[in-house]
Amino acid sequence: MPNTGRPSRDCHLCRQRRVKCDLARPACQRCTKYGAQCPGYRDQQELVFRNADPTVVRKRKKRQALTQPQIQSPGPGETPSSSSSSSSSSSLADSDPLPELAPNGDFIINTSTGLHWTSHSVPIVLNVYSNLDFIKNMYLNFADDGPLIWAAHLFSRTYVTNLQYPTSLYRDAHLETQRELGTYLGKTLKLVSEALKTPEGPQRDDILATVWLLTNYELLVGSLSRTETLSPWHLHARGLYSILKARGTAPLSTNHGRMAFWPAYSMVQIQALISNTECPAESEEWLSAIKAALPAHPGEGLGVAISQFIIKVCSVQARIFNFLRRRDFPAASREYPDLFGQMRAAEKEFEDWRESNPIGNHVLEVYAISLYQSAIVKGYQGIHLLINFLTHYAPCQVPLEQLKEDRKYCFRTAQNAAQGILESVPRVLGPLSNSKEKSPKDVFDALRVIWPLIAVYIMSICRPEQRLAAEGLLFYIGRELGVRQALNTYPDGLKLPQEAREPLEVSVFESH
């Protein structure tokens, strides 16, 4: 019968007899007491994927008031496949039935055919990134046993496991899952490494897409630490930069090349924001090449404007944290007016652009603005720390009253931006309901708001109630949508001199 709720983990015989199983391994004791040999348990993937027979499809149709157009499935020879030996993955052959589409546009995962779960990993990725044409095109054009397919296995298995077992997983199954994920990750990294050793490797779109997908996988497992730049997420983000650098500006003259560039470059810039470093030196060259195409493609203007703003913010914050790490009071005092002025000028430049270039309410535009607002929060957090630092330096050339006024401006501007981020989340994710059914599309939307929400949560410049609201949203994303990075934000991991944490005379700065 179709599985309409959480599948039973009981052994086959206990389910047949409709009695409670004690789940003992390798054989349950109830079967032994019954005088029968325990036939064993379901495969874990059978517990993860829901069978979808015609009855289930009809029920889902009744629940869907809005019917989306069906997407044409790839034809023979276009379906991604993979092969393996000991890693227990199998391919989706041309003769195998393709995943069915539900009325809401999601792929229905059907396990009644007996196919291994890896036959469904690509449809899961296509569901998650259904709004990203670049990824969809990659899986249509690279239908071989390449790194992109193995990355799909890695991402999909992690995503499904996170949803199915949000808080607990018995030890044997957990170890089995980790072994299988290790196999997929190792295979993916090996193929990427081999490709990048060839001259044409960095030019391959599937390699760029694979490394980008790896950064998203690391968000699913929660490996991003803003203080540990050797964490896998940071390494993959720097790998994206290396690939973009090797590709140069030539691909940016085509629409396809720019669509491949933007997701990767966005990750590169977020990595610079998180690590308090400057954006790549080639950034201006890349953006200039894109601006040359803007008359024909004006829709990319917002991305260029926000990227240019983030470049300036990263430059300011890199200089600030250099002073703080070295506890260089004289240099900080000398450079402060320029740093604060650059931050204000960058903000004004973007707002002026925004006034003459109306921005719509499309989800991508909402997300882009939230990224801009996160850079506002991060940039003025840096200025705020620098102001605190300078209050401990008696010879500071900036008057205390001026520092106080500047600090008020930092708090006001950052908190307004933080509020904008919080208000944008429902528009990106939709109503945050307690429904058991979550669309895979929600995962991609959640991945896009992770960093802005973390920025609000971990930055002391935001109001306590804003940080609390961000924490609640992150908890929802981590538990309900399976994005573990939302539960691993490391709010107190950044090492700063004590002088940067509080001004010398706290009472003077209490009102902001």
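The name given to the protein chain in an unreviewed UniProt entry is N-terminal fungal transcription regulatory domain-containing protein, with Trichoderma citrinoviride as the source organism.

To continue, consider the overall build of the protein chain. Across its full length, the protein chain carries 19 helices and two strands. By the burial criterion, 54% of the 512 residues in the protein chain qualify as buried. The contacts of the protein chain with a sequence gap of at least 6 include a subset with a gap of at least 24, amounting to 74%. Carbon and sulfur atoms make up 52% of the accessible area of the protein chain, which totals about 23400 Å².

Here we take up helix α9 (residues 205-221). In this model α9 runs 25 Å from its N-terminal to its C-terminal C-alpha over 17 residues, within 8% of the 24 Å that 1.5 Å per residue would give. The buried count for α9 comes to 16 of 17 residues, which makes it a mostly enclosed element. Glycine 222 lies just past α9 and shows a positive phi near 80°.

Okay, the environment of valine 221 next. Looking at the element boundaries, valine 221 is found in helix α9. Using a relative accessible area of 32% as the deciding quantity, one classes valine 221 as partly exposed. Spatially, the C-alpha atom of valine 221 lies 10.0 Å from that of glycine 478, the residues being 257 residues apart in sequence.

To continue, consider unusual backbone geometry. For asparagine 276, which is not glycine, the phi dihedral falls at a positive 60°. Mapping asparagine 276 onto the fold places it in the loop between α11 (255-275) and α12 (283-291). By relative accessible area, which is 5% here, asparagine 276 ends up buried. The phi angle at arginine 327 is positive, at roughly 50°, despite the residue not being glycine. Relative to the elements of secondary structure, arginine 327 occurs in the loop between α13 (301-326) and α14 (329-356). Residue arginine 327 is classed as partly exposed on the basis of its relative accessible area, which comes to 42%.

A few words on helix α15 (residues 363-390). Compared with the 40 Å implied by 1.5 Å per residue over 28 residues, the 41 Å span of α15 between its first and last C-alpha is a close match. Counting buried positions along α15 gives 25 out of 28 residues, so the element sits mostly inside the fold.

Across the interface, helix α10 (residues 232-247) lies against α11 with an axial gap of 9 Å and an inter-helix angle of 130°. By the angle between their axes, α10 is oblique relative to α11. Note on packing geometry: the crossing formed by α10 with α11 is left-handed. Seen from α10, the contacting residues are Trp233, His234, Ala237, Arg238, Leu240, Tyr241, Leu244 and Arg247; seen from α11, they are Ala260, Phe261, Ala264, Tyr265, Met267, Val268, Ile270, Gln271, Ile274 and Ser275. Of the residues that constitute the contact of α10 with α11, the class distribution is 13 nonpolar, three polar and two charged.

We now examine the environment of arginine 25. With respect to the helices, strands and loops of the structure, arginine 25 is situated in the loop between α1 (12-17) and α2 (29-34). Take arginine 25: its relative accessible area is 38%, and that puts it in the partly exposed class. Taking C-alpha positions, arginine 25 is 9.8 Å from cysteine 38, a pair spaced 13 residues apart along the chain.

The geometry of an aromatic ring pair is captured by the separation of the ring centres together with the interplanar angle, meaning the angle of the planes. One pass over the structure, following the stated rule, counts 19 aromatic pairs. Feature note: the residues Tyr241, Phe261, Trp262, Tyr265 and Trp286 constitute an aromatic cluster, connected by ring pairs. In this arrangement the basic side chain of arginine 344 is found over the ring face of tyrosine 409, its NZ or CZ atom lying 4.0 Å from the centre. A cation sits over an aromatic face here: arginine 448 above phenylalanine 444, 4.4 Å from the ring centre.

Now for the pattern of salt bridges. Under the criterion given, the structure shown has 16 salt bridges. Two residues, arginine 326 and aspartate 328, come together in a salt bridge whose shortest N-O distance is 2.8 Å. We classify aspartate 328 as buried; its relative accessible area is 18%. A salt bridge links aspartate 352 to lysine 348; the nearest nitrogen and oxygen atoms lie 2.8 Å apart. Within this pair, aspartate 352 and its partner lysine 348 are both found in helix α14, separated by four residues, close to a single helical turn. Its relative accessible area of 36% is what places aspartate 352 among the partly exposed residues.

Moving on: the environment of phenylalanine 261. Along the chain, the position of phenylalanine 261 falls in helix α11. As a C-alpha pair, phenylalanine 261 and proline 251 span 10 residues in sequence and 8.5 Å in three-dimensional space. Not counting residues within four places of it along the chain, the set of residues in contact with phenylalanine 261 comprises Leu244, Leu252, Trp286 and Ile290.

This brings us to the packing of α14 against α15. The geometry of α14 relative to α15 is characterised by a closest axis approach of 10 Å and an angle of 160° between their N-to-C directions. Judged by the inter-axis angle, α14 sits roughly antiparallel to α15. In this structure, α14 meets α15 at a crossing whose hand is left-handed. Touching Phe329, Ala332, Ser333, Tyr336, Leu339, Phe340, Met343, Arg344, Glu347, Phe350, Glu351 and Arg354 of α14 are Ile369, Tyr372, Ala375, Ile376, Gly379, Tyr380, Ile383, Leu386, Ile387, Phe389 and Leu390, all from α15. Tallied by class, the residues present in the contact of α14 with α15 amount to 17 nonpolar, two polar and four charged.

Turning our eyes to something else, we now look at the nonpolar core. If you look at the biggest cluster of nonpolar residues, it comprises 137 residues, and the most contacted ones within it are Tyr129, Tyr139, Tyr265, Tyr380, Ile383, Leu453 and Ile477. Once residues within four sequence positions are removed from consideration, isoleucine 477 is found in contact with Leu429, Ala446, Val449, Ile450, Leu453, Gly482, Val483 and Ala486. Grouped together as the second largest cluster of nonpolar side chains are eight residues, Cys11, Cys21, Cys38 and Tyr41 included.

What counts as what
Residues numbered from 1 in each chain as written. Predicted model: local features only at pLDDT ≥ 70, side-chain atom pairs only at ≥ 80, totals over all residues. Heavy atoms only, no water. Helix = DSSP H or I, 4+ residues; strand = E, 2+ residues; numbered from the N terminus. Buried < 20%, exposed > 50% of the residue type's maximum accessible area, 1.4 Å probe, protein only. Contact = heavy atoms within 4.5 Å. Areas by Shrake-Rupley, 256 points an atom, 1.4 Å probe, with all protein chains shown as cover. Expected span 1.5 Å × (residues − 1). Axes fitted to C-alpha atoms, helices over the stretch in contact; angles between N-to-C directions. Parallel < 35°, antiparallel > 145°, perpendicular 65-115°, else oblique. Left-handed = near helix turned anticlockwise from the far one by under 90°. Nonpolar A, V, L, I, M, F, W, Y, C, P; charged D, E, K, R; others polar. Phe/Tyr/Trp six-rings, centres within 6.5 Å; stacked < 30°, edge-to-face > 60°. Lys NZ or Arg CZ within 6 Å of the ring centre and 35° of its normal. Salt bridge = Lys/Arg side-chain N within 4 Å of Asp/Glu carboxyl O. Core = buried A, V, L, I, M, F, W, Y, C linked by side-chain atoms within 4.5 Å.

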